[in-house]
Amino acid sequence: MVDHSRATAVVELDPLGHRLLYVRLLLEALPEEHRLLLTSRRVVGSPEFAAHLGDVSFPIVQLGAVDHGTAIAEAVAVAGALGVGHIVVPDGDKAVLALVRALWGTSSRSPRPRVTVLLMRTALPGGPERPTLGMLVKPAAVAVLRRLRGVRVRFLTDAFGVVGRRPGFPGVAPVRDPITATEETAVRTRGSGRSRVGVFGVISARKNVPELVRAASEIPALDVVLVGRCEPDVRAWLRTDPDAERLRTLGRLEVDDRFVDQSDFDAALRSVDVVAVLHDNDAPSGIVAEAGARGIPVLGPHRGWVSTVLQTTGAGLGVRAEDHAAVAEALRKLLDGREQYGAAARAAARDLGVDDFVRGMLEPDDAVDRR
């Protein structure tokens, strides 16, 4: 029988966003014989899995449960049955209540893996994100979870480490959003005679593409680039909006509507002069950090987490995203001062990396383990 007592089981049930990149970083930081992934058929069959984990050697246990709550309970049971020493849940927001239920009834004397949970979202009502029942329940549930034996909870902060505490979650320590950009990728290409502003990632209505397109229409030498999967409402808008159609006809609007692997993402990001992150849901933005790592200024919202990062680092400007005239004016300022903003971004990016994330998620916490 295989001894899993020194193994770390990473639990991930969703392939979207940066989740599987985080899983890769955690697995790669472990000795090969100590790696284990507990996941779903949806994850294993996704293009994100092939892109992020297709070349990493590790055993996989595919869970049978479909809904998130039941799958978390199954993952805890499977890890316990295998004698795994450590369970890591990097996408922990949906797992908090399920973990409380799965761990609450276990005996204080029975052996149990230590558990590390990462909260990617720690928003409370009153911020830029639409309030939900989950926002109200999560702080109390996290407080209960943190009191359980051998459990520690972290929250994902921005890659620059600007935000160190979150209202409503006292005592929860931060880990920085990991960024893997290297010196080589920090040198970007520049077009001749024209400028480009880009939107990256999953492109939903909240990213305010219409206001960006209308703003770009007022700047003749500026092109718009959309890179990443577009949600159906954005696709519909792109097909029917006259401003979008005019820019596309002029060759000033490029849309790459698909999952983009790291190589294509890096090439696309290095091709733009400004990155637009015209939304804030009170959570860290990996795109802001990726832009900073390459010395590219960011156009962000006028409030919220992204705004705080830009004000602190000087790596860009915030603007009211619903005002396309204000967006156009801010774009002009960023393009005119791109060297200044780019230098600030590169200075702030000196501390970017993956070490803080990996240490915070994998290294033992003596205070927690003694409980």
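You'll find the structure just up there.
Residues numbered from 1 in each chain as written. Predicted model: local features only at pLDDT ≥ 70, side-chain atom pairs only at ≥ 80, totals over all residues. Heavy atoms only, no water.

A. Spotlight on helix 6 (residues 133-147). Taking 1.5 Å as the rise per residue, helix 6 with 15 residues should run 21 Å; its terminal C-alpha atoms sit 22 Å apart, in good agreement. The largest bend in helix 6 amounts to roughly 25° and is located at Pro-139. Buried within helix 6 we find Met-135, Lys-138, Pro-139, Ala-141, Val-142 and Leu-145. (Helix = DSSP H or I, 4+ residues; strand = E, 2+ residues; numbered from the N terminus. Expected span 1.5 Å × (residues − 1). Bend = angle between axes of the 7 residues up to and from the residue. Buried < 20%, exposed > 50% of the residue type's maximum accessible area, 1.4 Å probe, protein only.)

B. Broad picture of the side chain of His-86. By secondary structure assignment, the location of His-86 is in strand 4 (residues 86-89). When its relative accessible area of 2% is taken as the criterion, His-86 is described as buried. With near-sequence residues (within four places) excluded, His-86 lies in contact with Ala-7, Thr-8, Ala-9, Pro-113, Arg-114, Val-115, Thr-116, Arg-152, Met-361 and Leu-362. (Contact = heavy atoms within 4.5 Å.)

C. Layout of the pairing of strand 6 (residues 151-157). Within strand 6, seven of the seven residues are buried, which leaves it mostly tucked inside the rest of the structure. The side-chain alternation of strand 6 yields two buried faces, one formed by Val-151, Val-153, Phe-155 and Thr-157 and the other by Arg-152, Arg-154 and Leu-156. Relative to strand 6, strand 5 (residues 114-119) runs parallel, the two sharing five bridges. When the bridges of strand 6 are listed, Leu-119 appears paired with Phe-155. The β-α-β motif built from strand 5, the intervening helix 6 and the parallel element strand 6 has right-handed crossover chirality. Examined bridge by bridge, strand 6 and strand 7 (residues 173-176) share four bridges and lie parallel to one another. When the sheet's bridge partners are listed, Arg-154 is paired in strand 7 with Ala-173. (Pairing = 2+ DSSP bridges. Right-handed = clockwise from strand over helix to strand, strands pointing away.)

D. Representation of the side chain of Asp-223 within the structure. Position of Asp-223 relative to the elements: it lies in strand 9 (residues 222-227). The class for Asp-223 is buried, based on a relative accessible area of 9%. Only 2.8 Å separates the side chain of Asp-223 from the side chain of Arg-194, close enough to count as a polar contact. Among residues more than four places away in sequence, those in contact with Asp-223 are Arg-194, Ser-195, Arg-196, Val-197 and Arg-252. (Polar contact = N/O pair within 3.5 Å; in protein donor to acceptor, adjacent residues only side chain to side chain.)

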